[in-house]
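Residue strings, one per chain:
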Amino acid sequence: MEKIYDLLIVGSGPAGLAAAIYAQRARLDTLVIEKEYISGGQVVNTYEVDNYPGIPGINGYELGVKFREHADQLGARFVTAEVKDIIIEETTKKVVTSEGDYRAKAVILAMGATHRELQVPGEKELAGMGVSYCATCDGAFFRGRTVAVVGGGDVAVEDAIFLARGCEKVYLIHRRDELRAAKSLQEKLFACDNVEVIWDTVVREICGEDHVESVKLYNVKTEETKCMDMDGVFVAVGIVPNSQIARGLVDMDEGGYILAGEDGATSQPGIFAAGDIRKKALRQIVTAVADGANAVTAVQASCTV
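Anyway, here's the lowdown on the structure attached to this text.

Here is what the cut-offs are and how they apply
- Residues numbered from 1 in each chain as written.
- Predicted model: local features only at pLDDT ≥ 70, side-chain atom pairs only at ≥ 80, totals over all residues.
- Heavy atoms only, no water.
- Phe/Tyr/Trp six-rings, centres within 6.5 Å; stacked < 30°, edge-to-face > 60°.
- Helix = DSSP H or I, 4+ residues; strand = E, 2+ residues; numbered from the N terminus.
- Buried < 20%, exposed > 50% of the residue type's maximum accessible area, 1.4 Å probe, protein only.
- Lys NZ or Arg CZ within 6 Å of the ring centre and 35° of its normal.
- Axes fitted to C-alpha atoms, helices over the stretch in contact; angles between N-to-C directions.
- Left-handed = near helix turned anticlockwise from the far one by under 90°.
- Contact = heavy atoms within 4.5 Å.
- Nonpolar A, V, L, I, M, F, W, Y, C, P; charged D, E, K, R; others polar.
- Polar contact = N/O pair within 3.5 Å; in protein donor to acceptor, adjacent residues only side chain to side chain.
- Patch = residues over 30% accessible without salt bridge, like charges linked within 9 Å, V, L, I, M, F, W, Y side chains within 5 Å.
- Areas by Shrake-Rupley, 256 points an atom, 1.4 Å probe, with all protein chains shown as cover.
- Salt bridge = Lys/Arg side-chain N within 4 Å of Asp/Glu carboxyl O.
- Lys, Arg positive; Asp, Glu negative; His and termini not counted.
- Charge placed at Lys NZ, Arg CZ, Asp CG, Glu CD.
- Pairing = 2+ DSSP bridges.
- Right-handed = clockwise from strand over helix to strand, strands pointing away.
- Core = buried A, V, L, I, M, F, W, Y, C linked by side-chain atoms within 4.5 Å.

Concerning the packing of aromatic side chains
So, point 1. A complete count under the given rule lists two aromatic pairs for this structure.
So, point 2. With a centroid separation of 5.8 Å and an interplanar angle of 70°, the aromatic rings of Y52 and F67 are classed as edge-to-face. Here the residue Y52 occupies a position in the loop between β2 (30–34) and α2 (60–73), and F67 occupies one in helix α2, the gap between them amounting to 15 residues.
So, point 3. The buried category is assigned to F67, whose relative accessible area is 11%.
So, point 4. An angle of 75° between the planes, with centres 5.4 Å apart, marks the rings of F142 and F234 as edge-to-face. Here F234 lies in strand β15 (residues 232–235) and F142 lies in the loop between α3 (135–138) and β9 (146–150), a separation of 92 residues in the sequence.
So, point 5. The buried category is assigned to F142, whose relative accessible area is 8%.
So, point 6. Its guanidinium or amino end placed over the ring of F78, R68 lies 3.6 Å from that ring's centre, counting from NZ or CZ.
So, point 7. Over the aromatic face of Y218 sits the side chain of R204, whose NZ or CZ is 4.0 Å from the ring centroid.

Given below as structure tokens:
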């Protein structure tokens, strides 16, 4: 007979790994399906995590490794595959993947989110040639050079601070006249002598032949346009939930975030959502791991398993 798991967890970021840990502790027969060969999700690209309780300043990659090691020590099982579809059957849920089909009584969706693009001319053409979405991944290539960070939230400010350690000049381009980032991060940013904030401005175009050479900027208040020489552009304007496979399966908001309560329960019985993919006020590592724990607790409490 085909194996039927108690629980399938789709995604291995902080939410998925926390769910795996709690599922093992609950003795649920569980399988984690991860798309990438490295667990941890977005956290692995974070240079420094200063807001996770108990281990301030830990490297993001190291934190991701610790999460995975904890799950491994408890005997969690993983398979690397891309999920193609989720089908509701009479008593089970079938998860169709690139490596075959898996069935379970319950599924936790923890696919996280990906970086939002600016969608301006030159962005796609120069991706990997000066346009980057990960300062910690690519910042070393711009040591001693001039770069721009686009955005005004925590990630954008963190990226600017990180890049300021090695770049000659960092411009933070923000469409508003104040930042959305945490005050503690803003204080660190404004203490960097080689960082300059360009307020009320958006990027209209990223220019260059085989690498980034300049950016065309537009001031939303003065309506003035100007070009600035630039060696690199780091985009940090938010995230987009990786919820495509759940469209039509569960209720979502207009942005594609899955509607689920603190227990992770969605509009589809037996399907739960955890982490950045869920509609909520705060998306941080600490809330993602809490989501994973809550979702498993809800799975246990339901009549599904």
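From this point, the discussion proceeds with the structure in view.
Section: the packing of helix α1 (residues 14–25) against helix α6 (residues 285–301)
The geometry of a pair of packed helices is captured by two quantities: the angle between their axes and the separation between those axes.
So, point 1. Put simply, α1 and α6 touch, their axes get as near as 7 Å, and they point 40° apart. Crossing angle aside, the handedness with which α1 passes α6 is right-handed. Contacts between α1 and α6 involve P14, A15, A18, A19, Y22 and A23 on the former and, on the latter, I285, A288, V289, G292, A293 and V296.
So, point 2. Its residues placed into classes, the contact of α1 with α6 shows 11 nonpolar, one polar and no charged.

Topic: the environment of D177
So, point 1. Turning to its location among the elements, D177 is positioned in the loop between β10 (169–173) and α5 (183–190).
So, point 2. Measuring from C-alpha to C-alpha, the distance between D177 and V197 comes to 9.7 Å, with 20 residues separating the pair along the chain.
So, point 3. Residues contacting D177, with those up to four places away along its chain left out, are W199, D200 and K221.
So, point 4. There is a polar contact of 3.3 Å between the side chain of D177 and the side chain of K221.

Section: a positive patch on the surface
So, point 1. Residues R116, R175, R176 and R180 make up a contiguous surface patch of positive charge.
So, point 2. Inspection of the secondary structure assignment puts R176 in the loop between β10 and α5.
So, point 3. Note on R176: relative accessible area 36%, which makes it partly exposed.

Points about the pairing of β9
So, point 1. Burial analysis of β9 places five of its five residues in the buried class, which makes it a mostly covered element.
So, point 2. Relative to β10, β9 runs parallel, the two being bridged by five bridges. By the bridge assignment, A148 is partnered in β10 with Y171.
So, point 3. Of the crossover connections in this fold, the one passing from β9 over helix α4 (residues 154–164) to the parallel β10 is right-handed.
So, point 4. In terms of strand pairing, β9 meets β15 through four bridges, oriented parallel. Bridging across to β15, V150 finds its partner in V235.

Focus on the nonpolar core
So, point 1. In this structure, L7, L63 and I108 are the most contacted members of the largest nonpolar core, which totals 32 residues.
So, point 2. Counting only elements with at least two residues in this core, the list comes to β1 (4–10), α1, α2, β6 (100–109) and α6.

Notes on the pairing of strand β11 (residues 195–198)
So, point 1. Relative to β11, β10 is paired through four bridges, and the arrangement is parallel. When the bridges of β11 are listed, V170 appears paired with V195.

Points about the environment of T222
So, point 1. Position of T222 among the secondary structure elements: in the loop between β13 (214–219) and β14 (225–229).
So, point 2. Separated by 22 residues in the primary sequence, T222 and D200 place their C-alpha atoms 8.8 Å from one another.

A short note on the sheet that holds β9
So, point 1. Pairing within the open sheet is parallel, and its five strands lie in the order β8-β15-β9-β10-β11. Looking at strand neighbours, the two that pair on one side only are β8 (131–132) and β11, the edges of this open sheet.
So, point 2. In this structure, β8 lies alongside β15, joined through two bridges in parallel fashion. Counterpart to V131 in the pairing with β15 is V233.
So, point 3. Each of β9, β10, β11 and β15 touches α4; the most contacted strand, β9, lies at about 165° to it.

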